[in-house]
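These are the residues of each chain, in order.
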Amino acid sequence: MTRLRFAPSPTGALHIGGIRTALYNYLLARKTGGQFILRIEDTDQTRYVPGAEDYIIRSLAWLGLNPDEGPIQGGPFAPYRQSERTAIYHDHAMQLVKSGKAYIAFDTPEELDLMRQRLTDKGISTPKYDASVRDEMVNSLTLSEDEVNRKIADKVPYTVRLLVEPGHGIIIHDKIRGEVIFDSTELDDKILLKADGFPTYHLANVVDDHLMQITDVIRGEEWLPSTAHHVLLYRAFGWIDTMPTFSHLPLILKPNGQGKLSKRDGQKFGFPVFPMAWHSDHIEESIEGFDSYGFEPAAVINFLAFLGWNPGTEQEIFSLEQLIDVFDAERIHKGGARFDYDKALWFNSQYLQHLDYAIVQERLIQYANNENISISDVNVEAVFKLLQPRLHRLKEFFMIGYYFFTDELKYDDTEINKKWNPEAGALLQKLGEALGNIEPFTAENISIVAKELITASGIKMGVIMPLIRASLTGTIQGPDVYEIASLLGSVKTIERFVKMAGWTSVG
RNA sequence: GGCCCCUUCGUCUAUCGGUUAGGACGGCAGAUUUUCAUUCUGUAAAGAGGGGUUCGAUUCCCCUAGGGGCUGCCA
């Protein structure tokens, strides 16, 4: 039985790198018939952001990545919020102290800075709290037992540090990267328990993964260096036999390849980096998301799945269900992948092309309400079907097709002036009059009448057609003019023709 | 700086020693469309460099270069 977890930290909106990690964990769990667990790693009080946990949960739900166990649904290994498990970490840390695998340290942050400075001055490029300095510091290795106990009794803040033995290699068998070897001499005595009583990620994640019987850890590449410490921890606890497998995912990079994609890049490059929009009082600017950009969750999933993975076939469009079927962790790529917004848009348009109106209806109504657009006397479904092939994001619907929902057209003066002349105006007038007799007012019928009149007038198609279109939409581009006219209805169509017939150059 | 990871068209990638190095996005050209979008067709575009191993390297090894990650009482 496989058990995989997604373990985000509620320090703000989760970005798509995190979502992809969640997705791969979800996919592998579902594929192997195992469990997908959500665990909230809220062990840093200073970075805690209210609402972030809720945001994470809502985002996963929006994307369809529903956990089997987690803070909301509970489960056999509850609680799933690390801040509610501090006693467990404390006990485990102390267990390590007792067995000599860890020790208590009283050094203050200031003293640590001094130590680092001292080492730097000595020409040591990587100053760290390790075997070379630990016996010069204030800890349970250098203090007598009585002194240690007295300090603890006096409530002197202390941390618990992992005692790393130098001089041996630590081999990590990463499922994506193969063997990665670290020299324990390069490793510092990592803090396990912080002075505030909370565990560090290293302790909490190892203890919880063990206790929650996690079988496979899939996480970002930024965790690769500290995995050596995690292996040491599994050894220290005597859990090495049941240690989970590790897969370190390539990072999602900025479009220019300069570093990993960060939360600020959305604003910087003009695309969403978060699944959902979110406004928090604690964050100055409101955050846009793939949802508020008008993306389909299925498209976001599909796009993200292909950032660093591919099925080895030429098919690129996959539903979540299909992804579960074809996903294979062995095919995860090693190199970082740049975020490609054009590709994201393409995925989205692929999904948009095949959506039924019934599925988008509610959201369109929502958009209309948000923007105070009245849709009551418009056949939105017909408009949607007409506009659907030209949509890259659902949100564009009311921009592209605005002329169906208002009579105040934004005329493209420059283009209209280029084409308009009195003869064309007269033809428009005539067209308007003729259209009144068409019954039913279908695109086909309109087209027959219009073509006849145009041909008879001798005015070139290339002149009159742009004007007909502009009279209906204000612009010279868009779907079939006769379809537009038909949907607009004869009254509005005639009105707009007549208005254009009397066009007076503005420019 | 140290440690670790990575490196195929502009971008995402296929290739598990022998291929005309394939596909997709984007680009360009053409067809369709009275326009634009869609769709279709075509086209340009890649193995960082240098050593090995091998009959034969994009593929395996080493070096260099470049990029990235980590280097906190953050995750």
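Keep in mind the model is a prediction, meaning the values are calculated, not measured. (Residues numbered from 1 in each chain as written. Chains lettered and ligands numbered in written order. Predicted model: local features only at pLDDT ≥ 70, side-chain atom pairs only at ≥ 80, totals over all residues. Heavy atoms only, no water.)

Within chain A one finds 20 helices and 11 strands. In terms of C-alpha radius of gyration, chain A reaches 32 Å, well past the compact-globule figure of 23 Å for 507 residues. Principal-axis analysis of the C-alpha atoms places the extent of chain A at approximately 105 × 45 × 35 Å. Considering chain A as a whole, with its 507 residues, one finds that 50% of them fall into the buried category. Within chain A, contacts between residues separated by at least 24 positions form 72% of all contacts whose residues are at least 6 apart in sequence. Side-chain charges of chain A comprise 51 positive and 69 negative groups, with the mean position of each set lying 3 Å from the other. (Helix = DSSP H or I, 4+ residues; strand = E, 2+ residues; numbered from the N terminus. Rg over C-alpha atoms; globule rule 2.2 N^0.38 Å. Buried < 20%, exposed > 50% of the residue type's maximum accessible area, 1.4 Å probe, protein only. Contact = heavy atoms within 4.5 Å. Lys, Arg positive; Asp, Glu negative; His and termini not counted. Charge placed at Lys NZ, Arg CZ, Asp CG, Glu CD.)

What follows deals with helix 19 (residues 481-488). Among the residues of helix 19, those classed as buried are Val481, Tyr482, Ile484, Ala485 and Leu488. All buried residues of helix 19 project into a common sector of 155° when viewed along the axis, lining one side. Those residues of helix 19 that are buried lie in contact with helix 13 (380-387), helix 17 (443-457), helix 18 (461-473) and helix 20 (490-501). Between the side-chain oxygen at the start of helix 19 and the backbone nitrogen of Tyr482 there is a gap of 3.1 Å, and the oxygen is on Asp480. Backbone geometry just after helix 19 places Gly489 at a positive phi near 90°. (Arc of directions from axis to C-beta. Polar contact = N/O pair within 3.5 Å; in protein donor to acceptor, adjacent residues only side chain to side chain.)

The next thing to look at is unusual backbone geometry. Omega for the bond connecting Ala78 with Pro79 falls within 30 degrees of zero, at 0°, which places this linkage in the cis form. Locating Pro79 in the fold gives a position in the loop between helix 2 (52-63) and helix 3 (86-98). Between Glu439 and the following residue, Pro440, the backbone shows a cis peptide bond with an omega angle of -5°. Along the chain, Pro440 turns up in the loop between helix 16 (422-435) and helix 17. One non-glycine residue, Gln213, lies in positive phi territory at about 55°. If you trace the backbone, Gln213 turns up in the loop between helix 6 (201-211) and strand 8 (216-220).

To continue, consider the side chain of Ser349. Mapping Ser349 onto the fold places it in helix 11 (residues 341-353). When neighbours within four sequence positions are excluded, Ser349 is seen to be in contact with Leu391 and His392.

Next up on the list: the protein's contact with RNA strand B. Taken together, 61 residues form the shell around RNA strand B, and within it Thr126, Arg177, Lys194, Glu316 and Arg390 come nearest. Restricting the count to atoms of RNA strand B within 4 Å of the protein gives a sugar and phosphate share of 71%. Asp44 is positioned such that a nitrogen or oxygen atom in its side chain is 2.9 Å from a sugar or linking oxygen of RNA strand B. Measuring from a phosphate oxygen of RNA strand B, one finds a side-chain N or O atom of Lys194 at 2.7 Å. Of all the elements, helix 11 adds the most residues to the surface near RNA strand B, at 4 residues. Its residues assigned to classes, the surface near RNA strand B shows 22 nonpolar, 17 polar and 22 charged. (Near = heavy atom within 4 Å. Nonpolar A, V, L, I, M, F, W, Y, C, P; charged D, E, K, R; others polar.)

Take the confidence of the model for chain A next. Here chain A averages 94 in pLDDT, and 98% of its residues register 70 or above. As scored by the predictor, the complex reaches a pTM of 0.93 and an ipTM of 0.95. (pLDDT = per-residue confidence, 0-100.)

Let us look at the pattern of salt bridges. Scanning all chains against the criterion turns up 25 salt bridges. The partner of Glu69 in a salt bridge is Arg3, with the nearest N and O atoms 2.8 Å apart. One end of the pair, Glu69, is in the loop between helix 2 and helix 3; the other, Arg3, is in strand 1 (residues 3-6), with 66 residues separating them in the sequence. Each member of the pair, Glu69 as well as Arg3, is classed as buried. (Salt bridge = Lys/Arg side-chain N within 4 Å of Asp/Glu carboxyl O.)

On to the packing of aromatic side chains, then. One pass over the structure, following the stated rule, counts 28 aromatic pairs. Seen in terms of ring centroids, Tyr24 and Phe327 are 5.2 Å apart; in terms of plane orientation they differ by 40°. Their pairing is tilted. In this pair, Tyr24 sits in helix 1 (residues 16-31) while Phe327 sits in the loop between helix 10 (320-326) and strand 11 (337-338), placing the two residues 303 residues apart along the sequence. Taking relative accessible area as the criterion, Tyr24 reaches 0% and is therefore assigned buried. (Phe/Tyr/Trp six-rings, centres within 6.5 Å; stacked < 30°, edge-to-face > 60°.)

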